[in-house]
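An overview of the molecular structure
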Amino acid sequence: MKDMKSILWLAIEDYSGLWEAVWQLRTYTPETADGVLIERAKTVLERLVADDFIRFYRCQEPYGQLCEVKDTEVSDILSNPRHWEEPAADAVSIRFGITSLGQEKYASLGPV
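What comes next is a walk through the structure. None of the values given here were measured: they were computed from a predicted structure.

1. With respect to the side chain of E61
The residue E61 is located in the loop between strand 2 (54-60) and strand 3 (66-68) in this model. For E61, a relative accessible area of 8% translates into the label buried. Here S93 takes part through its side chain, which lies 2.4 Å from a polar atom of the side chain of E61. A polar side-chain atom of E61 sits 3.0 Å from a polar atom in the side chain of R95. Setting aside anything within four residues of it in sequence, one finds E61 in contact with W19, P87, A88, A89, D90, A91, S93 and R95.

Next up, the structure:
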């Protein structure tokens, strides 16, 4: 539940990158390997998209226009290691943002 709430918070705070989800999870378990954190983030993000709590977007870095990603692409995106790396300037990244249902879910979870 802590992983879900912390990733939902990232989506509320801004359009966050996949790599930022890993950074957020690391704050709770700093000694955990990147691969393990990525797998935890994948599991949570897949569920959040399936439940319509977040949506994925492509973004031309830095701060370019967001283009919504189809839900059918999410699994492939999450499986691609390059999407988990912090992007260089002018690269295309994957970001996620909150939906109104996601905001309601976050509020229902109570304190972390």
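2. Side note on helix 1 (residues 2-13)
The end-to-end C-alpha separation of helix 1 is 16 Å, in line with the 16 Å expected for 12 residues at 1.5 Å each. The complete set of buried residues in helix 1 reads D3, M4, K5, S6, I7, L8, L10 and A11. Here the buried face of helix 1 lies against strand 1 (16-17), helix 2 (18-26), helix 3 (34-50), strand 2, strand 4 (92-98) and helix 5 (100-108).

Rules used throughout
Residues numbered from 1 in each chain as written. Predicted model: local features only at pLDDT ≥ 70, side-chain atom pairs only at ≥ 80, totals over all residues. Heavy atoms only, no water. Helix = DSSP H or I, 4+ residues; strand = E, 2+ residues; numbered from the N terminus. Buried < 20%, exposed > 50% of the residue type's maximum accessible area, 1.4 Å probe, protein only. Polar contact = N/O pair within 3.5 Å; in protein donor to acceptor, adjacent residues only side chain to side chain. Contact = heavy atoms within 4.5 Å. Expected span 1.5 Å × (residues − 1).

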